Amino acid sequence: MYDFAYHRPKSVADAVSLLKSKPEARAMSGGMTLIPTLKQRLARPSDVVDLGGVKELAGIKVEGNNVVVGGMTRHADVAGSAEVKAAIPALAYLAGHIGDPQVRNRGTIGGSVANNDPAADYPGAVVALNATVTTNTRKITADDFFKGLFETALADGELITSISFPKAEKAAYVKVPNPASRYAMVGVFVAKTAAGVRVAVTGAGACVFRVKAMEDALAKNFSSAAIKDIKIPFEGLNSDIHGSSEYRAHLVGVMARRAVDAANK
Amino acid sequence: MTAATGIGARVLRTEDKRFLTGTGRYVDDLPLARATYAYFLRSPHAHARIKSIDVSAAAKMPGVVNIFTGKDLVDAKVGGLICGWTVKDKHGQPHKAPAHPVMAVDTVRYVGDTVAMIVANSHDEAKDAAEAIKVDYDVKPATIDLAKALDKGATEVHPEAPGNLIYDWEIGVKADVDAAFAKAAHVTKLDLVNNRLIPNAMEPRAAAAEYDKGTGHYTLWSTSQNPHVLRLILSAFVLGIPEHKLRVIAPDVGGGFGSKIFCYADETMVCWAASRVGRPIKWTAERSESFQTDCHGRDHVTHAELALDKDGKFLALKVETIANMGAYLSTFSTAVPTYLYATLLAGQYTTPLIYANVKAAVTHTAPVDAYRGAGRPEATFVIETIVSKAAAEMKIDPAELRRKNFIPSTAFPYQTPVALQYDSGNYPPIIDEAMKIADYKGFEARRAEAKSRGMLRGIGFSSYIEACGLAPSQVVGSLGAGVGQWESAQIKFNPTGNVQVMTGAHSHGQGHETTFAQLIHDKLGVPMDQIEIVHGDTATTPFGMGTYGSRSLAVGGSAIVKATEKIIAKGKKVAAHLMEASVADVEFENGTFKVAGTDKSVPLAQVVFAAYVPHNYPHADTEPGMDENAFYDPANFVYPAGTQICELEIDPETGTTEIVAFTAIDDFGNIINPMIVEGQVHGGIVQGVGQALMEGAVYDKSTGQLISGSYMDYTMPRADNFPSFKHGNKHTPCPHNPQGVKGCGEAGAIASPAAVMNAVHNALAPVGVKHVEMPATPLNVWQSIKGAQRQAAE
Ligand SMILES: Cc1cc2nc3c(=O)[nH]c(=O)nc-3n(C[C@H](O)[C@H](O)[C@H](O)COP(=O)(O)OP(=O)(O)OC[C@H]3O[C@@H](n4cnc5c(N)ncnc54)[C@H](O)[C@@H]3O)c2cc1C
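Description of the structure in this document. (Residues numbered from 1 in each chain as written. Chains lettered and ligands numbered in written order. Predicted model: local features only at pLDDT ≥ 70, side-chain atom pairs only at ≥ 80, totals over all residues. Heavy atoms only, no water.)

1. Notes on the sheet that holds strand β2 (residues 48-54) of chain B
All names here are of chain B. Taken together, the 3 strands give an open sheet; going across it, the order is β4-β2-β6, and neighbouring strands pair in antiparallel fashion. Pairing within the sheet leaves two strands with one partner each, and these edge strands are β4 (107-108) and β6 (134-139). Relative to β6, β2 runs antiparallel, the two sharing 6 bridges. Looking at the pairing, Ser52 lines up with Asp136 of β6. (Pairing = 2+ DSSP bridges. Helix = DSSP H or I, 4+ residues; strand = E, 2+ residues; numbered from the N terminus.)

2. Quick word on the interface of chain A and chain B
On the side of chain B, 22 residues touch chain A, which itself brings 23 residues to the contact. A buried area of about 1900 Å², summed over both sides, lies between chain A and chain B, and 48% of it is on carbon and sulfur atoms. Three residues, A:Arg41, A:Arg182 and A:Ile241, lead the burial of chain A against chain B; their summed loss comes to 31% of the area buried on that side. Inspection of the region where chain A meets chain B yields 6 salt bridges. Residue A:Arg41 is joined to B:Glu131 by a salt bridge in which the shortest nitrogen-to-oxygen separation is 2.9 Å. In terms of residues, the side of chain A that touches chain B owes the most to one element, helix α11 (residues 245-264) of chain A, which gives 8 residues. Split by residue class, the side of chain A that touches chain B holds 11 nonpolar, 6 polar and 6 charged. (Contact = heavy atoms within 4.5 Å. Buried area = accessible area lost by both parts, 1.4 Å probe. Salt bridge = Lys/Arg side-chain N within 4 Å of Asp/Glu carboxyl O. Nonpolar A, V, L, I, M, F, W, Y, C, P; charged D, E, K, R; others polar.)

3. Topic: the nonpolar core
Residue and element names in this part refer to chain B. Of all hydrophobic cores here, the largest spans 157 residues; its most connected members are Met117, Tyr422 and Val756. The element that contributes the greatest number of residues to this core is helix α19 (residues 747-764), accounting for 11 residues. Lining this core are residues from two domains, each supplying at least three of them: domain 2 (32-140 + 202-255 + 260-293) and domain 3 (297-471 + 636-793). When neighbours within four sequence positions are excluded, Met117 is seen to be in contact with Ala38, Tyr39, Phe40, Asn66, Ile67, Phe68, Met103, Met269, Val270, Ala273 and Ile281. With 49 residues, the next largest nonpolar core counts Ile520, Val574, Met626 and Val741 among its residues. (Core = buried A, V, L, I, M, F, W, Y, C linked by side-chain atoms within 4.5 Å. Buried < 20%, exposed > 50% of the residue type's maximum accessible area, 1.4 Å probe, protein only. Domains from an automatic or database assignment.)

Structure follows, in structure tokens:
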């Protein structure tokens with residue numbers, strides 16, 4: 001990796017001011033995405049601002065009808081959290097199926113959601129549960145947050161401080177992992193919340209997306225039978241050595257049905 | 001000997017203590033004072049002419065000590081890398097041998113080909129400088145697709161190999177085989193691709209070298225499976241450093257699987273440059289370099305046909321294979337798809353007539369050479385797939401068809417039609433045992449139960465044979481090998497009674513330090529903790545051929561046993577003198593010399609002491625000291641065999657495959673340490689299943705970029721992909737080596753791809769799928785099912 005200056009601020013305010021003062025600075029949470037990028041010399045930040053020392057960013061709280069997960073909360077902590085397991089078991093399940101134990105013990109929800117990898121798991125939960133992303137300056141709804149391939153609504157130097165997930169009446173996440181990386185080749189998060197039914201697909205496209213036709217059908221009849229004939233067009237979906245776009249389109253249907261069945265269990 | 005530590009005991013591995021506590025000493029761990037660090041600039045193109053290389057800016061970068069390019073090697077008259085096995089084609093002509101410059105001179109031939117070496121004060125500075133080197137490439141079209149490499153008009157990789165053909169080789173008499181096919185009641189035909197694999201040793205390749213100006217001595221530390229062979233190649237062919245001025249040390253090495261047998265550009269350059277730089281040089285491959293530049297394995301395109309009579313007796317086998325050599329001929333590349341492949345095509349069967357034609361082709365891809373099993377997995381895959389296919393076509397139970405054609409136990413030694421003479425074996429009890437353990441009888445009920453859950457369940461057999469314990473020198477010499485394949489051992493007692501055992505074999509995960517110590521313990525009665533196995537250093541061990549081809553115990557262990565015999569013979573003379581008895585009356589048992597029929601005895605340790613402090617000693621006919629060496633050249637290969645049964649379930653909606661049971665019954669001859677054998681089998685099965693279901697080196701067919709160039713895209717098998725394996729042994733001892741042992745290191749990987757793919761085909765037959773290529777990834781399986789559905793609809 002190229003040389004950079006390393007900082008470990010203790011507060012969000014200090015982190016933000018560091019990021020603002022150095023235009024080529026990058027925040028680092030778990031480093032599970034950033035460090036490989038640095039090692040491959042694909043990024044050349046002047047400064048790395050490690051959020052690991054910012055205590056206010058980590059932790060899980062239940063606030064009324066919402067589970068609020070701090071930006072620095074590790075995947076393993078979400079997977080193991082009694083609060084999350086009780087309130088939204090599908091979210092704990094999702095976190096427990098990201099990568100491998102090493103990754104889950106380093107990687108964070110803030111890093112994952114900010115990075116918006118098309119194959120990341122969390123975006124599925126954020127969108128399907130209609131979560132709200134809180135940053136150091138504002139609140140952003142799920143539908144407004146994810147903009148495209150590795151693109152989000154975050155401005156330069158804006159940090160995710162927490163993500164608030166409304167509790168779900170029913171929810172489940174099912175994925176077919178990429179056999180090599182085990183990121184989602186196709187992951188479908190289905191949730192029935194106070195706001196209605198949402199079906200969010202990750203891994204299949206450039207960015208997490210919702211399947212309106214399935215949502216409408218499930219709103220009327222929350223059963224896998226209700227969506228068995230709904231086909232997803234394959235045009236524009238991802239295609240690589242592990243999955244053609246046709247295969248991914250097919251898997252969206254299969255995973256959606258399995259997610260509904262799992263949510264109904 | 002004591003049951004706890006002698007032959008047959010499950011002794012825990014001595015070496016694991018340091019491996020598991022992080023105290024192993026690997027090449028990269030070496031603390032070398034004033035070290036510099038090398039980084040290699042690699043070609044980003046599969047095929048290009050180098051118009052110019054401008055290192056002027058890079059040379060001025062901070063920390064840069066020196067930069068070398070291919071031209072510097074030409075100026076210094078450095079030789080090229082060699083292929084050490086001359087295969088003669090079907091007209092008796094030696095194979096085409098294109099030049100293999102250590103670093104590219106005017107042409108690059110694969111993505112990863114070495115273009116320049118940067119030596120700097122740190123790894124990062126070397127890498128920074130590499131980015132500043134300007135190479136002007138004239139990019140040319142590349143030949144990537146093996147199936148098209150020999151086509152007319154394909155871009156040629158080397159002017160010395162017209163049409164990209166390295167050799168067109170054959171074994172067997174085609175006319176006889178054709179005549180047998182003409183009389184066949186049934187012919188089964190098979191087209192298959194044996195997928196290209198990337199070895200992925202846990203420790204990447206690494207090298208470090210130091211030059212001693214005062215003595216003119218070079219020391220090269222290298223992740224080598226065979227340090228003496230590496231030294232021989234570097235000395236005699238490439239660098240011209242006299243052997244006695246070059247010490248090669250292969251310390252702890254984290255896996256090789258064949259990929260660390262060969263002599264690569266990297267260690268050659270590190271060694272060569274050490275004297276020019278005047279400081280030690282260290283280099284460790286980055287993982288992406290391992291993907292791009294370690295020799296890959298397998299990569300065949302094959303058409304096979306099996307002729308059977310009406311009862312299912314095999315009449316003849318015909319195989320045509322195109323084998324990929326990659327861009328250059330690596331050290332043993334030419335032998336792999338010929339003498340390690342086609343000579344195995346009899347399998348466990350009495351097939352009387354076999355003809356094989358192998359064409360080796362060069363392509364603009366990384367060199368391909370031996371990888372765990374080397375030729376034998378490819379042969380086993382052809383035979384065991386076509387046998388199961390024939391069984392399905394003729395509606396004969398696959399086990400039954402195998403049994404019908406097994407070489408009977410009374411027929412050994414058995415001469416196959418493809419040169420090898422199998423020394424021993426008894427195949428029917430092996431398959432019986434495997435079927436019992438796998439509960440073959442209950443399979444249809446399990447299939448029906450799976451179906452009720454929407455799953456497709458399949459079962460597959462693979463009855464393999466392999467020839468390993470490489471190798472009788474005279475035989476391999478007559479086939480074109482450039483070296484002998486004996487092994488050496490030296491047993492050096494110290495005056496205080498402990499013993500150092502030097503072996504020419506090299507352990508890079510196999511557990512020799514334990515298995516070989518068990519041999520010594522068993523033969524000489526020395527307690528395990530008094531034995532040290534020394535390997536991997538040309539300065540301290542006798543010349544040896546290293547470890548590959550499941551040879552270490554069968555050949556290296558036999559050399560050790562021979563040396564123990566010399567120790568005992570000498571010890572008897574000393575003991576006779578000490579006990580005032582005649583040598584003929586002295587017996588040796590459990591570490592003690594005894595005079596037969598008396599209670600006189602003297603322990604070995606006392607004899608050793610007397611040999612080093614020979615105050616009371618038979619000086620007239622016995623030299624002092626207790627230090628014996630032995631060389632062992634095997635009389636034949638050894639022939640492990642066995643049957644594996646794989647049972648799996650496929651989810652037809654997603655195409656994902658889950659292995660639900662895996663049984664392996666092997667004949668490895670006598671077993672020294674069953675725990676280590678099981679470990680070898682487990683690892684081998686995992687690698688073979690990796691080939692069948694997950695792994696595949698994928699190059700972009702036009703640009704030659706390695707798409708599967710990291711773990712994000714190259715699927716390695718992981719523990720959670722497997723059930724617990726069921727393993728058993730049914731031995732027939734090897735008749736021609738002292739311990740009656742056969743090799744076990746490669747068997748798992750040799751047999752398992754066919755077991756898995758036969759199970760996949762068995763599972764998918766009910767939905768009309770005829771053939772799935774490896775790796776049977778979820779995508780591949782799903783597409784095969786789709787294809788069958790489409791065909792059925794048409
Ligand atoms: C081997 C491996 C397997 C993986 N498998 C999966 C998988 O199956 N599923 C999956 O979803 N993911 C997977 N990941 C990714 C993993 O979940 C990462 O943790 C995640 O992508 C990034 O989180 P991080 O905390 O490591 O972020 P970092 O690497 O620290 O940062 C990533 C990016 O986000 C920015 N950033 C970090 N924190 C914040 C913040 N609070 N606010 C704003 N921007 C921020 C950084 O500047 C950087 O650009 C895998 C990773 C690896 C290495």
